[in-house]
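# Residue-level structural notes
So the chains spell out like this:
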Amino acid sequence: MVNTTAQATPHRSRTGAWSGLYNPALVARDIGYVLPGFFVSLFAFSLLVPLASLGVSTLVIWLGALLLPATLLLATKFADLSRTRAAWWGATIPAPVYRAHGPGVGGFMRIMADGRRWLDLAFETLVAFPVRAITFSIGIAWLSAALGGTTWFIWSPFLPENDSVFPGNMLEWLSNGAITPEVAYSRAAEGVTYTIFGAVALLLLPIVMRALATFDIALTRAGLGGDTLAHQTAPLADAPAPAGPQAPALTFASFAGWSWILIGFAAVATIAVSWPLLVTLYEVHPAIAMVLAAAEAAAVALALRIPAAAIALGTITPAVLS
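Residues numbered from 1 in each chain as written. Predicted model: local features only at pLDDT ≥ 70, side-chain atom pairs only at ≥ 80, totals over all residues. Heavy atoms only, no water.

Next up on the list: the overall build of the protein chain. Along the backbone of the protein chain there are 12 helices and two strands. Traced from its N-terminal end to its C-terminal end, the protein chain shows the element sequence β-α-α-β-α-α-α-α-α-α-α-α-α-α. Evaluated residue by residue, the protein chain yields a buried proportion of 40% over its 322 residues. Within the protein chain, residue pairs in contact and separated by at least 24 positions form 76% of the contacts whose partners lie at least 6 positions apart. Carbon and sulfur atoms make up 74% of the accessible area of the protein chain, which amounts to about 17100 Å² in all. (Helix = DSSP H or I, 4+ residues; strand = E, 2+ residues; numbered from the N terminus. Buried < 20%, exposed > 50% of the residue type's maximum accessible area, 1.4 Å probe, protein only. Contact = heavy atoms within 4.5 Å. Areas by Shrake-Rupley, 256 points an atom, 1.4 Å probe, with all protein chains shown as cover.)

Shown next as structure tokens:
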């Protein structure tokens, strides 16, 4: 078996996943990890999916027998990039073990027997791209709300008058009618409301970005970490080495790795279905629907590792809608 290229050493030590939340350098690090990740995954997805589809469809004429190994090698390169980005953020992800495929065309084709590379392909297409599309959407929306709200008084005079009723409706509801419609729907009340929203969003921005980065890192570590199977089959330190050359064991990647791939895909599907469903069918505000959908997805993601927390989230989230 052969190891991948050594992972990059983190340029910054970390004392904990949630340390230094309001350190400007660490906030910039979280933003720098979350937002560009979508474009990297979009590029990977746009290459890997067509190549894999073409390889499978042309396997009967043997063209796919050459195209699929090349696609798996490319998927491994993108997986290495994901591990390198995680190392830059400060996470330690063990290097995986791949099967030695040997020289020549036959050795090249034997790459298709390496389940670890198929796991890389599944992660980069089924998990990394949709997860990073969601984290990018949440991150850019939250960042826009924070910056737009706190600077509302600077750029709002250049906007035309509109018929926005959200701030007025909210003020009337919160005051139970104590605030008159003239005040609630005034431009000044609108400005104060959006500025407060922006200030709250700015205050919570480090927490949101750290949560998005931690979620991405957790899935990356689970899906792309070193093979548990390879570690279990490694000989003991005090065991005598067998004589003669040893053939590399066939590695199909760990069951836990594939389990996390499926769980990550299920969590993404939960958000993709729940978010628009809550907005259209239950008429929940999009921001609140986003939080509820994320809670449901978190319940799915926690089911394997922390079932008690998954049950609690799965119970509380529907109760909020009742």
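Among the secondary structure elements, G115 is positioned in helix α4 (residues 115-150). On the basis of relative accessible area, G115 is assigned to the buried category, the value being 5%. Each C-alpha atom of the pair G115 and L72 lies 9.9 Å from the other, and the pair is 43 residues apart in sequence.

Let us now look at α4. A rise of 1.5 Å per residue sets the reference length of α4, with its 36 residues, at 52 Å; its end C-alpha atoms lie 50 Å apart and thus fit the reference within 8%. Along α4, the sharpest kink reaches roughly 35°, centred on A128 and followed within four residues by the proline P130. The buried count for α4 comes to 26 of 36 residues, which makes it a mostly enclosed element. For α4, the side-chain oxygen to backbone nitrogen distance between the N-cap and R116 is 3.0 Å, and the N-cap itself is D114. (Expected span 1.5 Å × (residues − 1). Bend = angle between axes of the 7 residues up to and from the residue. Polar contact = N/O pair within 3.5 Å; in protein donor to acceptor, adjacent residues only side chain to side chain.)

Here we come to the pattern of salt bridges. Tallied over the entire structure, the rule returns seven salt bridges. Its salt-bridge partner being R83, residue D120 comes within 3.3 Å of it at the nearest N-O pair. With D120 in helix α4 and R83 in helix α2 (residues 63-89), the pair connects residues that are 37 residues apart, well separated along the chain. What makes D120 buried here is its relative accessible area of 0%. Look at R83 and you get buried, because its relative accessible area is 1%. Because the salt bridges share partners, they merge into one network encompassing D80, R83, R116 and D120. (Salt bridge = Lys/Arg side-chain N within 4 Å of Asp/Glu carboxyl O.)

Our next topic: the environment of S186. Inspection of the secondary structure assignment puts S186 in the loop between α7 (181-184) and α8 (187-224). In the structure, S186 is positioned 19 residues away from P167 in sequence and 9.2 Å away in space, judged by C-alpha atoms.

It is worth spelling out the packing of aromatic side chains at this point. Here a ring pair, both rings aromatic, is described through the centre-centre distance and the interplanar angle of the planes. Counting across every chain of the model gives 10 aromatic pairs. Centre to centre, the rings of F38 and F136 are 4.9 Å apart; their planes meet at 20°, and the pair counts as stacked. On the criterion of sequence distance, the pair formed by F38 in helix α1 (residues 24-57) and F136 in helix α4 is long-range, its members being 98 residues apart. Exposure class is identical for F38 and F136. Each is buried. Through a chain of ring-to-ring contacts, three or more aromatic side chains come together here, namely F38, F39, F45, F129 and F136. The ring of Y33 carries the charged tip of R85 above its face, separated from the ring centre by 4.3 Å. (Phe/Tyr/Trp six-rings, centres within 6.5 Å; stacked < 30°, edge-to-face > 60°. Lys NZ or Arg CZ within 6 Å of the ring centre and 35° of its normal.)

Right, let's talk about unusual backbone geometry for a bit. The phi torsion at W62 lies on the positive side, around 70°, for a residue other than glycine. Tracing the chain through its elements places W62 in the loop between α1 and α2.

Interpreting fine coordinate detail is not advised for predicted regions of low pLDDT. Taken as a whole, the protein chain shows an average pLDDT of 78; of its residues, 76% reach a score of 70 or greater. The secondary structure element of the protein chain with the lowest average pLDDT is helix α9 (residues 228-232), at 39, and the one with the highest is α1, at 95. Low pLDDT, under 50, characterises residues 1-15; the predicted model gives this stretch 31 contacts beyond four residues in sequence or across chains. (pLDDT = per-residue confidence, 0-100.)

Remark: α4 packs on α8, axes separated minimally by 7 Å, with the N-to-C direction vectors making an angle of 170°. When the interaxial angle is binned, α4 and α8 end up roughly antiparallel. Tallied by class, the residues present in the contact of α4 with α8 amount to 21 nonpolar, eight polar and five charged. (Axes fitted to C-alpha atoms, helices over the stretch in contact; angles between N-to-C directions. Parallel < 35°, antiparallel > 145°, perpendicular 65-115°, else oblique. Nonpolar A, V, L, I, M, F, W, Y, C, P; charged D, E, K, R; others polar.)

What follows is about a nonpolar patch on the surface. There is a patch of nonpolar side chains on the surface, built from W18, Y22, F153, V192, I196, V200, L203, L204 and I207 and spanning about 860 Å² of accessible area. Looking at which element gives the most residues to the nonpolar patch, the answer is α8, with six residues. Its location among the elements puts V200 in helix α8. Residue class for V200 comes out partly exposed when judged on its relative accessible area of 42%. (Patch = residues over 30% accessible without salt bridge, like charges linked within 9 Å, V, L, I, M, F, W, Y side chains within 5 Å.)

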